Structure formats: C-alpha cells, structure tokens
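# Report on the structure
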Amino acid sequence: MTRKITRVLVTGALGQIGSELTDELRERYGRDNVVASDIRSDESSPVVTGGPWVVLDVTDPETVEKTIVDNRIDSIFHMAAILSATGEKNPQLCWKVNMDGTLNILETARRNNLARVVIPSSIAAFGPETPRYNTPQETILRPKTIYGVTKVSGELLCDYYVRKYDLDVRGLRYPGIISSETLPGGGTTDYAVEIYYKAIEEGRYTCFVKKDTMLPMMYMPDCIKATMNLAEADFDDLVHYSDFNVGALSVTAGDIAESIRKHIPDFEVDYEPDYRQAIADTWPTGVDDSAAREEWGWQSDWDLESMTEDMLRKLRMKLLF
Ligand SMILES: NC(=O)c1ccc[n+]([C@@H]2O[C@H](COP(=O)([O-])OP(=O)(O)OC[C@H]3O[C@@H](n4cnc5c(N)ncnc54)[C@H](O)[C@@H]3O)[C@@H](O)[C@H]2O)c1
C-alpha cells in the first residue's frame, strides 16, 4: 500500500538538486509542510527563507532522529552527499557522508515508520566493465570512484530496507544534471553547467573533459519531474526500487558547445582534460531506461536545443540584469 506524502524533510537542500526540489515540494505539499536542511546555511537562499529550515548534519544520528520527530516528518528526500570529484579528493569523508548519512536516514525512517524515503543514486554506479552504450538496468556495477562505490552500496542498502523492513524507499540513477539556479557541487559533469555560465560571462570556456566525451545528461526540470513521478508512483507497481536508470540526453561536450554557438556565434571552447576525464571515461554514454518507463511512466521533455535556449535565457536574466 502506498501512503501519502504530507510532511517532508529535505536533506542537502542547498545543493544543486535539493534547492530546486525544495521549491517544487513546497509548491506541492505546502510551504509549512516541507522542512529544508543542510549542514551549512545561506541566509540569502530562498531555501532558507522560503519555509521551515534547520541546520542538519546527516552523519549525526541523534539530530536526524530529533528533527524527524520534532517536525512530525513522514517522508524524506535525502539529497545530502559528497559527489564524485570532491569524493576523490577526500574518500573517507565521501564514505562517511554517503554511507553513514544514508544509514542514519534509513534507520530513522524505519524506527519512526515513515511513509516514504527517496534516495538518489547516479550513473557513477557504473564502471569500466559496464556496457557503455544503452547501459542496461541490470548490469555490471564495479565503479572505480569512492563516490560510485557509495552509490552502489547505497542502492543495495535501500533495497535491503525495502525487503527486510517493508520500508518504502525509492531512487533513481541520475545522469549529469544541468541547471541554472544553483551551481553543481563537485561532480564530474560540472563542465556541462559551467560552459553555459562562461559562454555568457566571458564568451570562452576551458573544458576539463575532451570534446568527444559523451555522457548522459538531464535538464533540471526533467530531473524534478522524474524525482516526483517516482516519489508519487504506486509502490505496488514497482519491480525495482532504488536503482532506476533514467535517460534524457546523450551529448558530447562539443555538442553542448555547438548548441550554444547557435545563440552566441563567437563562443570559443578549448579542451584541457584533467583527472575528471578518467572518471568520465568509466561512465556510460547513455542508459536503457525502459524499467522506469514501464513501472512509473518516465518520459523526458527536454532535448539539447530546447535546454540550451532555456539555460541561456535564464542565465542572461540572472547574470546580466
Ligand atoms: N547533480 C548531479 O549531476 C547528480 C548526478 C547524479 C547523482 N546525483 C545525486 O543527487 C543528490 C543531490 O546531488 P546535488 O547535485 O544536489 O549535490 P550538491 O553537492 O550540489 O549538494 C549536496 C548538498 O549536501 C550538503 N551536505 C554535504 N555533507 C552534508 C552532511 N554531512 N549533512 C548534511 N548535508 C550535507 C552540501 O552542503 C550540499 O548542499 C546526491 O545524492 C548526488 O549523489 C547528482
């Protein structure tokens, strides 16, 4: 049986996805019913000023428990994490936040009989042995980054809580997310966001992966739609739980540059691959998301051209006016 989402906690709410997800959740469930949280604060952010807000470190189990109980939370959207590039610089912190944090969220949800937990995974769950083209839902998961290791472990842990404790836990393997609201927080696909900012601010960009690096990407409105469609799906319709492939775009860095050049013809890009190239090379170029389509009706709305037009329009408003 699928219980209703009524009182929500968002962790990592100041992050790239959390900030826009919090906005959507407040729209859907009411401003006062969505408690946003993060380990840091930012008084200038609408996440902090636009509704209930607490500072919360997800690695601290007592504070997680107290926040859930005091605020009568019944559903958690767990966005707090250390991402791939930052994770390689501090693997121990990545493990602590991604694994201890996820376990604290799952345990608190289990003890308090919560209605729903949404915990994202990532295309970083894949590795060099995974088929790179149209990567299947069920496939080899042997990532070589610590971030990927935590994402595979997180998927397995979430599915364990579904089967062992009947807890309603769901999650998607997000591709690289492109957005104009909040800058990304240290992932390997950050170039796909930076390139738009630099196109407007400087008219040139030095990209940290090679021109022909193709990765799965998704525009933020599709990311929010996928998250909410899965969160609100009937649990009885799900065969998978925490590891849905979701596809939208498969584009190279050069494709993105070319789509920007249709609007800013003299935009210049050079390519100086760094340590993140090696991470990108272990990830798929695109995923088979038929399970998400069949089980909860996934369909993307945005292609490269419509995304580029929208990104440039929004960033011009944000950066130039
Ligand atoms: N953005 C992407 O392209 C992408 C792709 C695949 C998966 N994901 C996943 O989506 C989720 C959200 O990612 P994002 O891009 O918004 O990340 P982000 O780095 O932008 O935000 C993460 C937030 O977590 C917070 N945080 C870090 N440690 C914390 C702690 N101990 N307690 C509480 N908060 C803490 C940070 O302050 C930050 O605001 C993560 O699980 C991430 O792995 C993101």
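Residues numbered from 1 in each chain as written. Predicted model: local features only at pLDDT ≥ 70, side-chain atom pairs only at ≥ 80, totals over all residues.

Regarding its fold elements, the protein presents 12 helices and 14 strands. The C-alpha radius of gyration of the protein comes to 19 Å, within 12% of the 20 Å expected for a compact globule of 321 residues. Within the protein, the proportion of its 321 residues that are buried is 49%. Summarising the internal contacts of the protein: among those between residues at least 6 apart in sequence, 79% fall at separations of at least 24. (Helix = DSSP H or I, 4+ residues; strand = E, 2+ residues; numbered from the N terminus. Rg over C-alpha atoms; globule rule 2.2 N^0.38 Å. Buried ≥ 20, exposed ≤ 12 C-beta atoms within 10 Å, placed from the backbone. Contact = placed C-beta atoms within 7 Å.)

Before going further, it helps to examine helix α6 (residues 146-165). Between its first and last C-alpha atoms α6 spans 27 Å; for 20 residues at 1.5 Å apiece the expected length is 28 Å, and the two agree. Among the residues making up α6, those that are buried are Ile146, Tyr147, Gly148, Val149, Thr150, Lys151, Gly154, Glu155, Cys158 and Tyr161. Contact partners of the buried residues in α6: α4 (84-89), α5 (91-111), β6 (121-122) and β7 (169-170). Of the residues one or two after α6, Asp166 is the one with positive phi, at around 60 degrees. (Expected span 1.5 Å × (residues − 1).)

Glancing now at the domain arrangement of the protein. One frequent convention defines the size of an interface as the accessible area lost when the parts assemble. Here the protein is partitioned into domain 1 (8-176 + 219-245) and domain 2 (177-217 + 248-320). For domain 1 and domain 2, the distance between their C-alpha centres works out to 22 Å. At the interface, 42 residues of domain 1 touch 37 residues of domain 2. Where the side of domain 1 that touches domain 2 is concerned, the elements lending two or more residues are α1 (16-29), α4, α8 (220-231) and β12 (244-245). Taken together, the residues that form the side of domain 1 that touches domain 2 break down as 21 nonpolar, 15 polar and six charged. (Domains from an automatic or database assignment. Nonpolar A, V, L, I, M, F, W, Y, C, P; charged D, E, K, R; others polar.)

Turning our attention to the site of the ligand. Taken together, 30 residues lie around the ligand, and Gly12, Gly15, Ala80, Tyr174 and Gly185 are the ones closest in. Top element by residues in the shell around the ligand is α1. It accounts for three residues. When the residues that make up the shell around the ligand are grouped by side-chain class, the tally is 14 nonpolar, 13 polar and three charged. There are two domains that each give the shell around the ligand at least three residues, and those are domain 1 (8-176 + 219-245) and domain 2 (177-217 + 248-320). (Near = placed C-beta within 6 Å.)

On to the sheet that holds strand β9 (residues 176-178). Spatially, the three strands line up as an open sheet ordered β9-β11-β13, and their pairing is mixed. Each edge of the open sheet carries a strand with a single partner, namely β9 and β13 (249-252). The sheet shows a mean angle of 50 degrees between the axes of neighbouring strands, direction not considered. Of the pairings in the sheet, the one linking β9 to strand β11 (residues 214-219) comprises three bridges and is parallel in character. Paired with Ile177 across the strands is Met218, a residue of β11. (Pairing = 2+ DSSP bridges. Axes fitted to C-alpha atoms, helices over the stretch in contact; angles between N-to-C directions.)

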